[in-house]
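# Coordinate inspection notes
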Amino acid sequence: MTASGKMELMSPAGDFTSMQAALDSGADSVYFGVEQLNMRARASMNFTIDDLPEIARRCSEKGVRTYLTLNTIIYDHDLSLIRTLLDRAKAANLTAVIAMDQAVISYARQIGMEVHISTQINVTNIETVKFYALFADTIVMSRELSITQIKKICDQIVKDDVRGPSGNLVEVEIFGHGALCMAVSGKCYLSLHSHNSSANRGACKQNCRKKYTVIDQETGFEIELDNEYMMSPKDLCTISFLDQVVESGVKVLKIEGRGRAPEYVATVTKCYREAIDAIFDGTYSPEKVADWMARLETVYNRGFWSGYYLGQELGEWSETSGSSATQKKVYIGKGRHFYPKSNVAEFLIEAYDLAVGDRVLIQGPTTGSQEMLLESMIVDQKPAAEKASKTDVITFKTDFRVRPSDKLYKIVPNN
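The present account deals with the structure reproduced in this document.

The rules behind the values
Every chain begins its residue count from 1, and numbering advances along the sequence as written. Reporting in this predicted model follows two pLDDT cut-offs: at least 70 for local features of residues, and 80 or more for side-chain atom pairs to be given and counted; totals over whole chains, interfaces and linings ignore these cut-offs and use all residues. With hydrogens and water set aside, each side-chain value is computed from the structure's full complement of heavy atoms. Segments assigned H or I by DSSP are reported as helices when at least four residues long, segments assigned E as strands when at least two residues long, and all are numbered from the N terminus. Accessibility here uses a 1.4 Å probe with only protein chains present; expressed as a share of the type maximum, an area under 20% marks a residue as buried, one over 50% as exposed, and anything in between as partly exposed. For the area figures, the Shrake-Rupley method with a 1.4 Å probe applies, and any residue is considered shielded solely by the protein chains shown. Fitted lines through C-alpha atoms give the axes, limited to the stretch in contact for helices. The angle between two N-to-C directions lies from 0 to 180 degrees. Oblique is the label for any angle not under 35 degrees, not over 145, and not in the 65 to 115 range, which are roughly parallel, roughly antiparallel and roughly perpendicular in turn. Two helices cross in a left-handed way if the nearer one is turned anticlockwise from the farther one by less than a right angle. They cross in a right-handed way if the turn is clockwise. Residue contacts follow a heavy-atom distance rule, with two residues in contact if any of their heavy atoms lie within 4.5 Å. For this analysis, a ring pair means two rings from Phe, Tyr or Trp (six-membered ring only for Trp) whose centres lie within 6.5 Å, classed as stacked if their planes differ by under 30 degrees, edge-to-face if by over 60, and tilted for the remaining angles. Any Lys NZ or Arg CZ that is within 6 Å of a ring centre and within 35 degrees of that ring's normal is treated as a charge sitting over the ring. Only when DSSP finds a minimum of two bridges between them are two strands counted as paired. With a 1 Å grid spanning the protein atoms alone, the term cavity applies to any set of points in which a 1.4 Å probe fits but cannot get out, the term pocket to an open set with protein on both sides within 12 Å along at least five of seven lines, and the term lining residue to any residue with an atom within 4 Å of a point. Grid points are joined across faces, edges and corners, and a volume is the space filled by probe spheres set on the points. Residue polarity is assigned by list, with Asp, Glu, Lys and Arg as charged and Ala, Val, Leu, Ile, Met, Phe, Trp, Tyr, Cys and Pro as nonpolar; anything else, Gly included, falls into the polar class.

The next subject is the overall build of the protein. Counting its regular elements, the protein contains 10 helices and 22 strands. The buried share of the protein, taken over its 415 residues, is 53%. By element, 49% of the accessible surface of the protein is carried by carbon and sulfur atoms, the whole surface being about 18900 Å².

The subject of this paragraph is the packing of helix α1 (residues 16–25) against helix α9 (residues 262–281). Look at α1 against α9: their axes get within 8 Å of each other, and the N-to-C directions meet at 20°. Relative to α9, the element α1 is oriented roughly parallel. With respect to the hand of their crossing, α1 and α9 are arranged in right-handed fashion. On α9, the residues touching Thr17, Ser18, Ala21, Ala22 and Ser25 of α1 are Pro262, Val265, Ala266, Thr269, Lys270 and Arg273.

Moving on, we come to the packing of aromatic side chains. In this structure the tally under the stated criterion is 9 aromatic pairs. Aromatic pair phenylalanine 32 and phenylalanine 47: ring centres 5.9 Å apart, planes at 80°, arrangement edge-to-face. With phenylalanine 32 in strand β2 (residues 29–33) and phenylalanine 47 in the loop between β2 and α2 (52–62), this pair connects stretches of sequence that are 15 residues apart. Side by side, phenylalanine 32 and phenylalanine 47 carry an identical accessibility label, which is buried. What links up through ring pairs into an aromatic cluster is the set Phe16, Phe32 and Phe47. Here arginine 143 stacks its cationic end above the ring of phenylalanine 175, 3.9 Å away from the centre of that ring. The ring centre of tyrosine 31 lies 4.8 Å from the NZ or CZ of lysine 254, which sits over that ring.

The subject of this paragraph is the sheet that holds strand β21 (residues 393–397). Taken together, the 8 strands give an open sheet; going across it, the order is β17-β16-β22-β13-β14-β21-β18-β19, and neighbouring strands pair in antiparallel fashion. Lying at the two open borders of the sheet, with one neighbouring strand each, are β17 (368–373) and β19 (382–385). Strand-to-strand, the axes of this sheet are offset by a mean angle of 35°, without reference to chain direction. Inspection of the sheet shows strand β14 (residues 344–349) paired to β21 by 5 bridges, in the antiparallel sense. Bridge assignment links leucine 348 to a residue of β21, and that residue is valine 393. Sitting on the sheet, α1 is in contact with β16 (359–364) and β17, with an inclination near 65° to β17.

Position of lysine 390 relative to the elements: it lies in the loop between β20 (387–388) and β21. Residue classification places lysine 390 among the exposed residues on the basis of a relative accessible area of 54%. Along the primary structure lysine 390 and isoleucine 349 are separated by 41 residues, whereas in three dimensions their C-alpha atoms are 5.0 Å apart. With residues near it in sequence (within four places) discarded, lysine 390 still touches Ile349, Glu350, Ala351 and Asp353.

Approximately 480 Å³ is the volume found for the second largest pocket. Those elements that place two or more of their residues in the lining of the second largest pocket are α9, β13 (327–339) and β17. For the lining of the second largest pocket, the element with the most residues is α9, which contributes 5 residues. Its residues assigned to classes, the lining of the second largest pocket comprises 8 nonpolar, 8 polar and 7 charged.

Right, dumping it as structure tokens:
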């Protein structure tokens, strides 16, 4: 929980661009993986051990907490690397480690680093909370629990005065938004059986997101299914009942998506930031929920449902293997220069046309993910231009700094 007493909002960071997007969008904390020992080890976006001081510096400047995910199964040959990662994390002053293996938990405690218990451990009752409170200050609940069950655990923590190593009451964390796995708290072996690639070592091949046909082996009869994506749940979304989540006593809300794009991190973080603030200032309303839902639909999603939180049976399957987002980004060009005195950015157009009135997205490791309406631009030093094409050099005003490493995108409907 934050110093203001509000529920903590935790955002994913797969790289520095996404991390900056989270910082700019109101996250209270960020979580990230380093090298191969995290549940997104095969993702294209992961930090290196040498990035830890820079991560800590950027987040510290914003007063944002930093959580290192070391939440895979650990083998003997991993132990040396685990100790190195935790030593470097401690030296960089990262806030905590998210862990599921007792080897990680034990060594983190030895060096005095705060521990958060991963959802992979599948905590579902107060007695298990009491056990892990011996080692951890924050415990992520199993994704299969209902809000009623979570509230009972939160109430019992207060009643029984269950405290972690810090001396504070144990905090309960839940997943609030993003991809859901068909398996119990992510414990799946499909990828291991089919590709010898263990999901529990962060190397999931996402078998469940594919389209399947079921055939009777005796008769050859093809069984008709209402939905071929029978193992791919829709994305979790709690924003329409977030007031119930707050009332249950949950202290930390986690957004899933370390493998998703910076604009996803920015949009989802902004919506949940606004929603949490609205609940605490008394302005949370159905009208605001409708607006947040429309914005959440613009970025990557497989459709939305409320998961198990409202006591529903599993049955909300996605209708496509990819995204159902109402918008997508199209690459336009790259940054060339920024004129700080006039706040003017210069880009080289390398792909599609761009016109005044388009919505654009500028992304980069330091810039994060910034969206704006292109109200005017200069094309090849010709003012009041309406359109730019490939090879053109354009300039336009921004209210943020742009770097040569930044990329320019146009936001278009996803038909």
